[in-house]
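Now for the letters of each chain:
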Amino acid sequence: MKKRSKKYSQALAKIEKNKIYEKDEAVKLVKETSISSFDGSIEVAMRLNLDTKKADQQLRGAIVLPKGTGKEIKVLVIAKGENAKKAQDAGADYVGDMDMIEKIEKENWFDFDTMIATPDMMPLLGKLGRVLGPKGLMPNPKTGTVTMDVAKAVEEVKAGRVEYRTDSYGNVHGIIGKASFTEEDLTENLNAFVAAILKVKPSTVKGDYVKNISISSTMGPGIKINPQNFDK
């Protein structure tokens, strides 16, 4: 059995076993149970009633959090000409086309958090799929990272866009801020994340869509939230 640290045990003791908390109480608790020595992230996890073997029940997308993520995101844009200039003007950290593709391929360079590309550049990126895919860096139209409006995409990423994707069990995870965020800001981000997932409920889902919702801090215990706290 894995030995838990003293800090974790103390944090766990603040949470009532098997209790489903109301949203405001859970957000307050998640800040109190943040045990990392740094400003840890706060994550939401939703277990959904999905059959991910069915293509229409595999959810993938992105959400712009109203209060941001608290993290500075480095953005690489693969584009040419006027689109490259628009990306630079919008605040992209790196902009290029074949030069950047070759840098990744030859130097194993990954000093960025998000890659955005125009549709015409995707065939050139195909050969990098085997290295970008496992790292979650391959641009995808579903998450808004393959687009002609590169300026808008850069601005959204910088403002606090988070991507989500169901795993094979129908779970969706996402960052909703930092432990240093106010309860109000965390709640606003949590509401936005859950609302976005509720909005993309597949029409083929039968029964309750959301099985449970929980939040946790980096290295901290999970806290279950009453799903009825969120507008359906």
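Refer to the structure presented above.
Note that the coordinates shown come from a computational prediction; the quantities given were computed from them, not determined experimentally. (Residues numbered from 1 in each chain as written. Predicted model: local features only at pLDDT ≥ 70, side-chain atom pairs only at ≥ 80, totals over all residues. Heavy atoms only, no water.)

> How should I be thinking about the environment of L125 in this particular structure?
When you line up the elements, L125 lands in helix α5 (residues 122-125). A C-alpha to C-alpha distance of 48 Å links L125 and K14, two positions 111 residues apart in sequence. When neighbours within four sequence positions are excluded, L125 is seen to be in contact with I78, I101, M115, A117, L132, M138 and P139. (Helix = DSSP H or I, 4+ residues; strand = E, 2+ residues; numbered from the N terminus. Contact = heavy atoms within 4.5 Å.)

> Can you help me understand the sheet that holds strand β5 (residues 114-117) in this one?
Picture the strands of a sheet paired through backbone hydrogen bonds; they go either parallel or antiparallel. Spatial ordering of the open sheet is given by β4-β3-β5, a layout of three strands whose pairing is parallel. Taken across any chain shown, the strands that pair with only one partner, and hence form the sheet edges, are β4 (94-96) and β5. Within the sheet, the average angular offset between the axes of one strand and its neighbour, ignoring direction, is 15°. (Pairing = 2+ DSSP bridges. Axes fitted to C-alpha atoms, helices over the stretch in contact; angles between N-to-C directions.)

> So what exactly am I meant to see when it comes to unusual backbone geometry here?
Excluding glycine, a negative phi dihedral is what most residues carry, and trans is how most peptide bonds are arranged. We note that N18 has phi near 70°; this positive angle belongs to a residue other than glycine. Positionally, N18 belongs in the loop between α1 (6-13) and α2 (23-32). On the basis of relative accessibility, which here comes to 68%, the residue N18 falls in the exposed class. Phi at N108 is positive, roughly 55°, even though this residue is not glycine. With respect to the helices and strands, N108 occurs in the loop between α4 (98-107) and β5. (Buried < 20%, exposed > 50% of the residue type's maximum accessible area, 1.4 Å probe, protein only.)

> Would you explain a negative patch on the surface in this entry?
A cluster of acidic residues, E22, D24, E183 and E184, forms a negative patch on the protein surface. Along the chain, D24 turns up in helix α2. (Patch = residues over 30% accessible without salt bridge, like charges linked within 9 Å, V, L, I, M, F, W, Y side chains within 5 Å. Areas by Shrake-Rupley, 256 points an atom, 1.4 Å probe, with all protein chains shown as cover. Salt bridge = Lys/Arg side-chain N within 4 Å of Asp/Glu carboxyl O. Lys, Arg positive; Asp, Glu negative; His and termini not counted. Charge placed at Lys NZ, Arg CZ, Asp CG, Glu CD.)

> Sorry, what's going on with the side chain of N83 here?
Topologically, N83 is positioned in helix α3 (residues 81-90). Excluding its chain neighbours within four sequence positions, the residues that come into contact with N83 are T118, M148 and V150.

> Sorry, what's going on with the layout of surface pockets here?
Where empty space is left becomes clear once a probe the size of a water molecule has been rolled over the atoms. Its boundaries defined by the atoms lining it, the largest pocket holds a volume of some 720 Å³. Forming the walls of the largest pocket are 28 residues, and the residues nearest its centre are D113, T114, G136, V162 and E163. Breaking the lining of the largest pocket down by element, the ones donating at least two residues are β1 (41-48), β5, α7 (150-160), β6 (161-165) and β7 (171-178). Sort the elements by how many residues they give to the lining of the largest pocket and β6 lands first, with five residues. Here the second largest pocket is characterised by a volume of approximately 220 Å³. (1 Å grid on protein atoms, 1.4 Å probe; cavity = no way out; pocket = protein on both sides within 12 Å on 5 of 7 lines; lining within 4 Å. Points joined across faces, edges and corners; volume = space filled by probe spheres on them.)

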